[in-house]
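Survey of secondary and tertiary structure
Here is what each chain is made of, one letter per residue.
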Amino acid sequence: MAECVDRRQSGWIYTATFYTAQEVSGRFCPWCIADGSAAERFAGEFMDSYGLDL
């Protein structure tokens, strides 16, 4: 079991990019992502809001 930034124990952990200006030391579980608490707590996004300029 891995521990999420909100101290939940989970067998699942998000490993992709998280966009924020804050320093994040820890990992996110699917429940923090789904309920929006991870994005709110760290003022960030899971998708690049600027995208690619093609």
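Scroll up a little and you will see the structure.
Residues numbered from 1 in each chain as written. Predicted model: local features only at pLDDT ≥ 70, side-chain atom pairs only at ≥ 80, totals over all residues. Heavy atoms only, no water.

Further remarks concern the packing of aromatic side chains. Summed over all chains, the structure comprises five aromatic pairs. A centroid spacing of 5.0 Å and a plane angle of 85° characterise the contact between Y14 and F46, whose relative ring orientation is edge-to-face. Note that Y14 is positioned in the loop between β2 (9-10) and α1 (30-34) and F46 in the segment after α2 (37-42), a separation of 32 residues in sequence. Residue Y14 is classed as partly exposed on the basis of its relative accessible area, which comes to 25%. The partly exposed category is assigned to F46, whose relative accessible area is 22%. (Phe/Tyr/Trp six-rings, centres within 6.5 Å; stacked < 30°, edge-to-face > 60°. Helix = DSSP H or I, 4+ residues; strand = E, 2+ residues; numbered from the N terminus. Buried < 20%, exposed > 50% of the residue type's maximum accessible area, 1.4 Å probe, protein only.)

Phi is positive for A43, close to 50°, though the residue is something other than glycine. Take A43: it is sitting in the segment after α2.

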